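These are the residues of each chain, in order.
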Amino acid sequence: MKKLIIGVMGPGENATPSDLETARELGKLIAQQGWVLLTGGRNSGVMDAASIGAKSANGLTIGILPSSDTSNVSDAVDIAIITDMGNARNNINVLSSDVVIACGMGAGTASEIALAIKANKPVILLNCEEKSREFFGNLGGDGGVAIAPTPQAAIQQAKQAIALIRQLSD
């Protein structure tokens, strides 16, 4: 059976301390489920924190990099995918993920959430402000976007989304 890939998207340089703490815990919990973590792969913000968290639980991490410059790859990324596609790599992040969890918000994260909604991927918002939750909730329609108050709740919602995906594919 294919390993499940959970994409964690969030701000890089503009991540808040809360975003980083939440992403680290989320990455650890993803690894503890035996799932693969996919991020933007750089050594900043949510990408780095989630990867560090996953590695702390011996998880497998994939980083989808925006450029051919490998000097800023997170030390916690096991498999670095070099795209040299800039922000267009956001579509790869989304389409390669079984579930997308947004941890915090930035322009790139908003792009990834919108692409995930368009691709009918399960989206979970974690650590996002009310305005973002409302906007993406409306954009996603009925049940398209879930809201998680904690990393643990995000994992439970991901499990529910995965169960539904499996049920629909049977």
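Predicted, not measured: the structure shown is a model, and the values here were computed from it.

### Some points on the overall build of the protein
Looking only at helices and strands, one finds 6 helices and 7 strands in the protein. In sequence order, the protein lays out its α and β elements as β-α-β-α-β-β-α-β-α-β-α-β-α. Its C-alpha atoms give the protein a radius of gyration of 14 Å, within 12% of the compact-globule value 15 Å for 170 residues. Considered along the principal axes of its C-alpha atoms, the protein spans approximately 40 × 35 × 30 Å. Evaluated residue by residue, the protein yields a buried proportion of 49% over its 170 residues. The long-range share in the protein, meaning contacts at least 24 apart out of those at least 6 apart in sequence, stands at 60%.

### Some remarks on a nonpolar patch on the surface
A surface patch of nonpolar side chains, about 210 Å² in accessible area, is lined by Leu60, Ile79 and Ile81. Within the fold, Leu60 resides in the loop between helix H2 (45–56) and strand E3 (61–65). The class for Leu60 is partly exposed, based on a relative accessible area of 35%.

### Some words on the packing of helix H4 (residues 107–118) against helix H5 (residues 130–140)
Relative placement of two packed helices is described by the angle separating their axes and the distance separating the axes. Interhelical geometry of H4 versus H5 gives an angle of 20° and a closest axis separation of 10 Å. Looking at the two axes, H4 sits roughly parallel to H5. Crossing angle aside, the handedness with which H4 passes H5 is right-handed. For the pair formed by H4 and H5, the contact residues are Ala110, Ile113, Ala114 and Ile117 on the first element and Phe136, Leu139 and Gly140 on the second.

### Observations regarding the nonpolar core
Ranked by size, the top nonpolar core spans 27 residues in total, and within it Val8, Leu26, Ile30, Trp35, Val99 and Ile101 carry the most contacts. Residue contributions to this core peak at 6 residues, all from helix H6 (residues 151–169). When residues no more than four places from it in sequence are discounted, the contact partners of Leu26 are Val8, Ile101, Leu126, Pro151, Ala154 and Ile155. Among the nonpolar cores identified, the runner-up in size contains 17 residues, and Val36, Leu38, Val94 and Cys128 belong to it.

### Some thoughts on the sheet that holds E3
Note on sheets: strands pair through backbone hydrogen bonds, and any given pair is parallel or antiparallel. Taken together, the 7 strands give an open sheet; going across it, the order is E4-E3-E2-E1-E5-E6-E7, and neighbouring strands pair in parallel fashion. The strands lining the two open edges of the sheet, one partner per strand, are strand E4 (79–82) and strand E7 (145–148). Across the sheet, the mean angle from the axis of one strand to that of its neighbour is 25°, orientation sign disregarded. With 4 bridges connecting them, strand E1 (residues 5–9) and strand E5 (residues 99–103) associate as parallel partners.

### Side note on unusual backbone geometry
Although it is not a glycine, Asn58 sits at a positive phi angle of roughly 60°. Exposure remark for Asn58: the relative accessible area of 73% places this residue in the exposed category. Of note, Asn120 is a non-glycine position whose phi angle comes to about 60°, a positive value. Within the secondary structure, Asn120 is located in the loop between H4 and strand E6 (123–126).

So, how was this worked out
One numbering rule holds for all chains: residues counted from 1, following each sequence as written. Residues qualify for local features only when their pLDDT is at least 70, as the model is predicted, and side-chain atom pairs are given and counted only at 80 or more; totals for whole chains, interfaces and linings, by contrast, use all residues. Just so you know, side-chain values use all the structure's heavy atoms and leave hydrogens and water out. In this description a helix means any DSSP run of H or I spanning at least four residues, a strand means any run of E spanning at least two, and both kinds are numbered starting from the N terminus. The globule rule used here is 2.2 Å times the number of residues to the 0.38 power, and the radius of gyration it is set against is calculated over C-alpha atoms. Working definition: with a 1.4 Å probe on protein chains only, accessible area under 20% of the residue-type maximum means buried, over 50% means exposed, and in between means partly exposed. Contact criterion: two residues are considered in contact whenever any of their non-hydrogen atoms come within 4.5 Å of each other. Only residues above 30% relative accessible area that lack a salt bridge enter a patch, with like-charged residues linked at up to 9 Å and the nonpolar side chains Val, Leu, Ile, Met, Phe, Trp and Tyr linked at up to 5 Å. Residue burial considers only the protein chains on display, and all accessible areas are found by Shrake-Rupley using a 1.4 Å probe. The rule for a salt bridge is simple: a side-chain nitrogen of Lys or Arg has to be within 4 Å of a carboxyl oxygen of Asp or Glu. Angles here are taken between N-to-C directions and fall from 0 to 180 degrees, while the axes themselves are lines fitted to C-alpha atoms, restricted in helices to the stretch in contact. Angles below 35 degrees are treated as roughly parallel, those above 145 as roughly antiparallel, those between 65 and 115 as roughly perpendicular, and all remaining angles as oblique. The sense of a crossing depends on the near helix, which, turned anticlockwise from the far helix by less than a right angle, makes the crossing left-handed and, turned clockwise, makes it right-handed. We define the nonpolar core as a collection of buried residues of types Ala, Val, Leu, Ile, Met, Phe, Trp, Tyr and Cys that are connected through side-chain atoms lying within 4.5 Å of one another. What makes two strands pair is DSSP finding at least two bridges between them.

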